[in-house]
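Below, each chain spelled out in residue letters.
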Amino acid sequence: MSAHTAQQRDEYLNRAIHLAVQNVSDGGGPFGAVVVTPDGTVHGGVNRVTRDHDPTAHAEVVAIRRAASATQRFDLSGSVLYASCEPCPLCLSAALWARIGHVYFAADRHGAARAGFDDAVFYEYFAGARPGLLSVEHAELPASGDPFDAWLNHSRRTAY
């Protein structure tokens, strides 16, 4: 599915916004998202971080998980993601891994920051400006390559 018309875009963005507002009423965070798969099916998601005690349960990730589960496919090529707010680096990575074809968002990261959801430090980290935020080290072991060898030698692997 290619990018939608402006009318469809606005309809799906408004749907994501409605999910976000409803989620606040339900005690969740102010984020909603929908994934529209190539067949036109809409898969919604809301921020479930505090509800599920899951720091990865962002609205976009939840919507992607629902779309993948419903279609029984981890490759969502041709799908479009609509988010009530600019996706953070986690959500952008999830969209990339899902092979989402296009992303639209309504509010931006600055609006989110004004509401107390400031992802600026993460963007700085990935830009190389905040290396001390998270220490990541390579520790090569003799068995480091074993999982990849097992994968390459597995005759029934599913490529992705």
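Residues numbered from 1 in each chain as written. Predicted model: local features only at pLDDT ≥ 70, side-chain atom pairs only at ≥ 80, totals over all residues. Heavy atoms only, no water.

The name given to the protein in an unreviewed UniProt entry is Guanine deaminase, with the source organism recorded as Arthrobacter bambusae.

Side note on helix 4 (residues 89-97)
Rules: For the exposure calls, accessible area comes from a 1.4 Å probe over protein chains only, and a residue counts as buried if that area is under 20% of its type's maximum, exposed if over 50%, partly exposed in between. Working definition: helices are DSSP H or I runs of at least four residues, strands are E runs of at least two. Numbering for both runs from the N terminus. Contact definition: two residues touch when any of their heavy atoms are within 4.5 Å.
Those residues of helix 4 that fall on the buried side of the exposure criterion are P89, C91, A94 and A95. Along its buried surface, helix 4 packs onto helix 3 (59-71), strand 3 (80-85), strand 4 (102-107) and helix 6 (120-126). A positive backbone phi angle near 65° is found at R99, which sits one or two residues after helix 4.

Digging into the pattern of salt bridges
Spelled out, the test is: Whenever Lys or Arg places a side-chain nitrogen within 4 Å of a carboxyl oxygen from Asp or Glu, that contact is recorded as a salt bridge.
Inspection of the entire model under this criterion finds five salt bridges. Where D10 meets R9, a salt bridge forms, and the shortest distance between an N and an O atom there is 2.8 Å. A relative accessible area of 36% means that D10 is categorised as partly exposed. Classification of R9 by relative accessible area gives partly exposed; the value is 27%. E86 is the partner of R109 in a salt bridge, and the nearest nitrogen-oxygen pair spans 2.9 Å.

Things to note about a nonpolar patch on the surface
Our working definition: Nonpolar side chains (Val, Leu, Ile, Met, Phe, Trp, Tyr) within 5 Å and like charges within 9 Å form the patches, drawn only from residues with over 30% relative accessible area and no salt bridge. For every accessible area listed, the method is Shrake-Rupley and the probe measures 1.4 Å; residues are considered covered only by the protein chains on display.
On the surface, F74, W97, W151, L152 and Y160 cluster together into a nonpolar patch covering about 660 Å² of accessible area. With respect to the helices, strands and loops of the structure, W151 is situated in helix 7 (residues 146-153).

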